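# Secondary and tertiary structure notes
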Amino acid sequence: MGQALDSMRVLELGSGMAGAMAGMVLAENGADVIRVEPPGGDPERERPGALVWHRGKRSIVLDLRDAEGRARFVALAQRADGLIETLRPGAATRLGVDYEALAPIAPRLVQLSITGFGERGPLRDLPGYEGIVAAVTGRMALQTGNRPGPIFTPVPIASFGAAMLGVEGLLAALHARRTTGRGQRVHTSLLHALSVYDMTIGYGNRTHAAPRPGLVYGVMRVCFMTAPTKDGRFIQMCSRQPHLFRNWLEAMGLEALLSEPDLNHIPDLFPSEARLAEVVALIEGRMRTRTLDEWMEIFSSKDVGADPFYSAGEFLDHPQAKENGRRQVVVDPKVGETIQIGPLGLFSQTPSRIGRPAPALGADQAAVLALLGESVASAGSRESDGGSSAASVAGSHASATSPVIPPRRPLEGVVLIDCGYFYATPFAATLLAEAGAKIVKVEPAEGDPGRRNWTASYSKAMVGKESIVVDLKTAEGRAIVHDLVARADVFLHNFRPGTPERLGIDDATLRGINPRLLYVYGSCFGSRGPWSHKPGFHSSPNAIVGPGVIEAGSGNPPQNRTYADPASALATAAAILVGLHAREETGRGQSLETTMLTSMAYAVSEWSLRYAGKRDREVDPGQHGFGALHRLYETQAGWLFLEVHREGEWRALCEVVDPALAADVRFSTPAARRANDDALATVLGERLRGRDAEAWQTLLLAAGVPALRADGIDHAAFMLEHPHCRANGIAVVAQQPGTPLSARAGPAIEFGEHPTPIEPAAELGGQTVQVLRWLGRSESEIEALAARGVTRAVGNALPS
C-alpha cells in the first residue's frame, strides 16, 4: 500500500522546530525530504527533539555562500516540488535562493517560508525564537503562575503551529498547481500561528456580548478547575457542557447548587466574586475527600469530563496512545532505541510510516547529488502506487498550447462539510476556508455549542463558511446531509464513537454515497482504547499529554493551559491536505483520524522522546525558564527575557553586560556554562538589575543579543492593535453583522498568487436557503422543511 506523498520531493533549508516538523510530517507520509545543511551542520542539530523532527529525512551539506554549492542547490530545486525555508528575513535573498531568484528557473516549485515575526513591520528582524515571540507579544505576561510577574512558557506552541500551517500552505499550493501548472510562494510565521491560539479575543470575534453588570465569570475556575484530591494529586476537570456539569455535581453530592436562587446561571455567571470563591472552595473541599483513582472510577461511570495529569513520556505508555498507534519505537544509531510520538493522522488507505531515524550530517550526500543526473523534466516524479505525480500533473498544464490559468485561491473547488462542534475541529475547516475551500457548516437548531463561549456568542471558527441548520435526528435532515456529501470532497466531524452511526453520518454510509470522500474524525481521544468514549475538551490533552506538568515548573502543582483546541485544529487541517493529495493521486477516498492528544504530543515531542540516559529540559520552580541563557530576569524596572543559543550571541551578551564573563573559566565553553548554570544565572541576575528592562533591550538588541522586555504588555492589545500585527495581516479590521467595525485575527497563511479576502463569519443558518437551492430543492420544499423544523434556527439562548 502506497503513501499519500510518495510522488513528492521537498528540500528543507534552515533551522528551528517549525520547518523541521513541517518536513517531518511530509516525510512520514512518503515525501522524499532532503535537509540541506551548511558546513558543520545545522546549529540546532543537537537541540532536544531533533531526533524526532528530522526522522525519515535525508541530509546533505552544501555551502550556499559558494558558487558551486549554490548551483547544486538550484539544480535540486529544479527537481523538487517544494522548498521549506526558515532563514531569517533577507537571508535567502543574500544567498541567491529566494523565490524571485528560483521562480524563473524552477517555475513549478512551491517555496514555503516560515519566519518568526512576519515579513513586514517594525519587528520583522527580531530573532524568530519561540521564547522571544512569547515575550514580545505579552504571552508570558498573560500567564498565571507561582509568583508575580511574567511566567515562562516552555511548550513551543507557536513553532508547532507554524509547522502545521506550513504543511497546509505548501500542500494547498501544490493542489493549485494541478490546475495552474505554476508553483508559488507561501509564507507563514510563528506570530501568525500564535494568532490561531487566541480563540476569543477581539470584539471582531464576537456576535453577541451583552453587558453583565455585577456578575462574575466562573467557567475557567469551576468547569475547568485543576482539582486537588485526597492523595495530594490533581484532576483536570473538563465539564463545560450542561449535562457534564450536572453529572459532576451529582457525583460529588452537590447537585443542590443547581437550585440555589442566586446561581441560576452557573457555571457561566456568579452574582459576586465572593460567591464564586465560596462555590470553588466547596467543590475543592469535596474533591479532597477521595483519591484520584477513586474519583476517576466514579467519573468514568457517570460521564464526567475529568482527566489525570501525566508527564509527556508517561502518555506514550498509556493504552490510549498504544491502541491508537501513537507510540513508536525508532532505533537511532547514536542513542539506541528511542520511544517517540507516532504519526499525526491515521489514514486507512495510505498509512503514515515512521521511517528511518534522523540522518547524520551529510549521510546522503552521494545519493542526493546523483539526482542531479536526472533531467529537469522528471523533477519530483518519484514512483507511486497508482495515479500521476503532482509534478507530472503540473507539467501537463505547462505546454505552450495550454491556456494560462488566472490566479486563484489554492483550494478553490474543494468542498468540505463541517459537522464539528466547538473549536478544535471547526477551526480546522476555517483554516481551509481561508485557502479558498467552500465550507458548508451543518448545525443543529441551537447552533454549534462552540458559538456560545461563556456568555457571549463567538464567531472566529465560523469565518468564511456557509451555515445551514439541519436536524440530523430526522430522515429529511439526514437526506440533506447525504446530498451534501455526494457533492463534497471532505466530511469532518468530532462526535464520540457511536453517535455518527445513530445519525447516519458514519464512514461506511457516507463513503458508500461518495467513494472519493475523505472522511475525517477529529477526535480528542481516538476511536480505540479505554477512553475512546470519554468527553474531551481543550484542557484534557493539557493534563494527559504532559503540558500541564511541563508548564508548572519543577516540583509545582500542574497548571491548566488552554491551547489544545487550536493545536488540534492546526494539525487536523494539515492532515486533511495530506489526505486530499492522496485522493488526487489515487482517485479514491479514505478515512482519516486525528486526535487532540496526538496534536499536543507533537507540540511536546522533545519531552515525550525517551531513550536511555536522556535528561529533559526542565523549568525551574520559579518558572523563569530553562537555564541561565534561556530565562526571565527581573531588572531594576521590569522583566527581561533572554534567549541565547549561539556562540556569537553569547559573546555579544558578555560584551554588553560584563566583558569579564567571557574570560571566566566557569563559562568559557557551552559545556562549562551548562555545568555552572546556576552560578551563571546568579551572576547575570545581579548584573541585569543594574538597568531597567527597556534599557537592556535597547543595548542588547543593538548588539545582536535576543533579549526583550516581557512585562507591561497586554497580549490581546498586541495581537489586535500593534502596528506590526496590522502590517502583517495578523490582525485585520472587519465588519460582522450586528457589531461595529472592529479588529479580529486575520488569515494565518499568505499565498503569493492570490490574497486571502477578509470574509465575515457565518450567522447561524444564514445560508440555509442558498445551500438548499444549490442542492436543487424547490422553493416550496425549502419552505416546508423550515415549517417542519428540519432547517429552522432557534439560537443558543444566552442568559439575559
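Below or above, wherever it landed, is the structure these notes cover. (Residues numbered from 1 in each chain as written. Predicted model: local features only at pLDDT ≥ 70, side-chain atom pairs only at ≥ 80, totals over all residues. Heavy atoms only, no water.)

### Let's talk about the nonpolar core
The biggest cluster of nonpolar side chains holds 128 residues, and the ones touching the most others in it are Phe160, Met164, Leu171 and Ile576. The contact partners of leucine 171, leaving out residues within four places of it in the chain, are Leu5, Met8, Leu26, Leu577 and Val578. Formed by 34 residues, the second largest nonpolar core is a distinct cluster that contains Leu276, Trp295, Ala306 and Phe537. (Core = buried A, V, L, I, M, F, W, Y, C linked by side-chain atoms within 4.5 Å. Buried < 20%, exposed > 50% of the residue type's maximum accessible area, 1.4 Å probe, protein only. Contact = heavy atoms within 4.5 Å.)

### Some thoughts on the layout of surface pockets
Here the second largest pocket is characterised by a volume of approximately 1,800 Å³. Surrounding the second largest pocket, 42 residues form its lining, Glu46, Arg47, Pro48, Arg617 and Arg674 being those nearest its centre. In terms of residue count, the dominant contributor to the lining of the second largest pocket is helix α29 (residues 670-675) (four residues). (1 Å grid on protein atoms, 1.4 Å probe; cavity = no way out; pocket = protein on both sides within 12 Å on 5 of 7 lines; lining within 4 Å. Points joined across faces, edges and corners; volume = space filled by probe spheres on them. Helix = DSSP H or I, 4+ residues; strand = E, 2+ residues; numbered from the N terminus.)

### Thoughts on empty space enclosed by the protein
Per the counting criterion, the structure on display carries nine cavities of 30 Å³ or more. Of the volumes computed, that of the largest cavity is approximately 100 Å³. Taken together, 13 residues make up the lining of the largest cavity; nearest its centre are Phe427, Glu434, Lys460, Ala745 and Gly746. Those elements that place two or more of their residues in the lining of the largest cavity are α9 (190-197), α18 (424-434) and β29 (742-745). Tallying contributions element by element places α18 first for the lining of the largest cavity, with three residues. In the lining of the largest cavity, the residues fall into six nonpolar, four polar and three charged. The element contributing the most residues to the lining of the second largest cavity is α18, with three residues. Residues belonging to the lining of the second largest cavity are distributed by class as follows: five nonpolar, three polar and four charged. (Nonpolar A, V, L, I, M, F, W, Y, C, P; charged D, E, K, R; others polar.)

### Brief notes about the sheet that holds strand β27 (residues 707-709)
One open sheet holds the four strands; their spatial order is β24-β25-β26-β27, and the pairing between them is antiparallel. The sheet is open, and its two borders are formed by β24 (625-627) and β27, each paired with just one other strand. Here the strands of the sheet are splayed against their neighbours by 40° on average, with no regard to which way each runs. Pairing of strand β26 (residues 639-643) with β27 involves three bridges; the strand directions are antiparallel. In the sheet register, leucine 640 faces β27, and the bridge partner there is arginine 709. (Pairing = 2+ DSSP bridges. Axes fitted to C-alpha atoms, helices over the stretch in contact; angles between N-to-C directions.)

### With respect to α9
For α9, the tally of buried residues reaches eight of eight residues, placing the bulk of the element in the interior. Among the residues of α9, those classed as buried are Leu190, Leu191, His192, Ala193, Leu194, Ser195, Val196 and Tyr197. In this structure serine 189 caps α9, since a side-chain oxygen of it lies 3.3 Å from the backbone nitrogen of leucine 191. (Polar contact = N/O pair within 3.5 Å; in protein donor to acceptor, adjacent residues only side chain to side chain.)

### Regarding unusual backbone geometry
Excluding glycine, residues mostly have negative phi values, and the peptide bonds linking residues are mostly trans. Here the amide bond leading from isoleucine 266 into proline 267 is cis, since omega sits at 5°, within 30 degrees of zero. Mapped onto the secondary structure, proline 267 falls in the loop between α11 (242-252) and β11 (269-270). Here the phi dihedral of aspartate 303 falls at roughly 55°; this positive angle occurs in a residue that is not glycine. Turning to its location among the elements, aspartate 303 is positioned in the loop between α13 (292-301) and β12 (306-308). In this structure aspartate 303 comes out as partly exposed when scored by relative accessible area, which is 27%. Phi at glutamine 623 is positive, roughly 60°, even though this residue is not glycine. Within the element layout of this structure, glutamine 623 appears in the loop between α26 (605-608) and β24. The class of glutamine 623 is buried, set by a relative accessible area of 0%.

### Some remarks on the pairing of strand β21 (residues 490-493)
The alternating pattern of β21 places Val490 and Leu492 and Phe491 and His493 on opposite faces, both of which are buried. Inspection of the sheet shows strand β16 (residues 415-418) paired to β21 by three bridges, in the parallel sense. Directly across from aspartate 418, in β21, lies its bridge partner leucine 492.

### Focus on the pairing of strand β4 (residues 82-85)
Neither face of β4 is exposed, since Gly82 and Ile84 on one face and Leu83 and Glu85 on the opposite face are all buried. Taken together, the four bridges between strand β1 (residues 9-13) and β4 define a ladder with parallel strand orientation. Bridging across to β4, leucine 13 finds its partner in glutamate 85. Of the strand pairs in this sheet, β4 and strand β5 (residues 110-115) are connected by four bridges, and their pairing is parallel. Note on β5: the bridge partner recorded for isoleucine 84 is leucine 112.

### Re the packing of helix α1 (residues 17-27) against helix α8 (residues 157-180)
The interhelical angle for the contact between α1 and α8, taken along N-to-C directions, is 50°, at an axis separation of 8 Å. Between α1 and α8, the interaxial angle falls into the category oblique. Both α1 and α8 take part in a crossing whose hand is right-handed. Residue-level contacts link Met17, Ala18, Met21, Ala22, Val25 and Leu26 of α1 to Ser159, Phe160, Ala162, Ala163, Met164, Val167 and Leu171 of α8. (Parallel < 35°, antiparallel > 145°, perpendicular 65-115°, else oblique. Left-handed = near helix turned anticlockwise from the far one by under 90°.)

### Focus: the sheet that holds β12
Consider a sheet: its strands pair through backbone hydrogen bonds, and that pairing is either parallel or antiparallel. As summarised here, the arrangement of the three strands in space is β9-β10-β12, forming an open sheet in which the pairing is antiparallel. Both outer strands of the open sheet, β9 (226-228) and β12, are each paired with one neighbouring strand and no more. When strand polarity is set aside, the average angle formed by the axes of neighbouring strands in this sheet is 35°. Sheet analysis places β9 next to strand β10 (residues 234-237), joined by three bridges and oriented antiparallel. The residue bridging alanine 227 from the neighbouring strand is isoleucine 235, located in β10. Along the sheet, α13 contacts β10 and β12; its crossing angle with β10, the most-contacted strand, is approximately 30°.

### Quick word on the pattern of salt bridges
Evaluated as defined, the whole model comprises 55 salt bridges. As a salt-bridge pair, lysine 334 and glutamate 46 come within 2.9 Å of each other at their nearest N and O atoms. Remark: glutamate 46 occurs in the loop between β2 (32-37) and α2 (50-53) and lysine 334 occurs in the loop between β13 (327-332) and β14 (336-341); sequence separation between them is 288 residues. For the pair formed by lysine 334 and glutamate 46, the shared burial category is exposed. Two residues, aspartate 658 and arginine 687, come together in a salt bridge whose shortest N-O distance is 2.8 Å. Within this pair, whereas aspartate 658 is found in the loop between α27 (647-657) and α28 (660-663), its partner arginine 687 is found in helix α30 (residues 677-688), the two being separated by 29 residues in sequence. Among the residues examined, aspartate 658 registers a relative accessible area of 15% and is labelled buried. Under the relative-accessibility criterion, arginine 687 is labelled partly exposed at 32%. (Salt bridge = Lys/Arg side-chain N within 4 Å of Asp/Glu carboxyl O.)

### Points about the side chain of glutamate 12
Examined against the element boundaries, glutamate 12 turns out to sit in strand β1. Looking at glutamate 12, its side chain comes within polar contact range of the side chain of lysine 57, at 2.7 Å. Residues in contact with glutamate 12, not counting those within four places in the same chain, are Gly19, Ala20, Gly23, Val33, Ile34, Arg35, Val36, His54, Lys57 and Ile84.

Read these as spatial facts, not as claims about activity.
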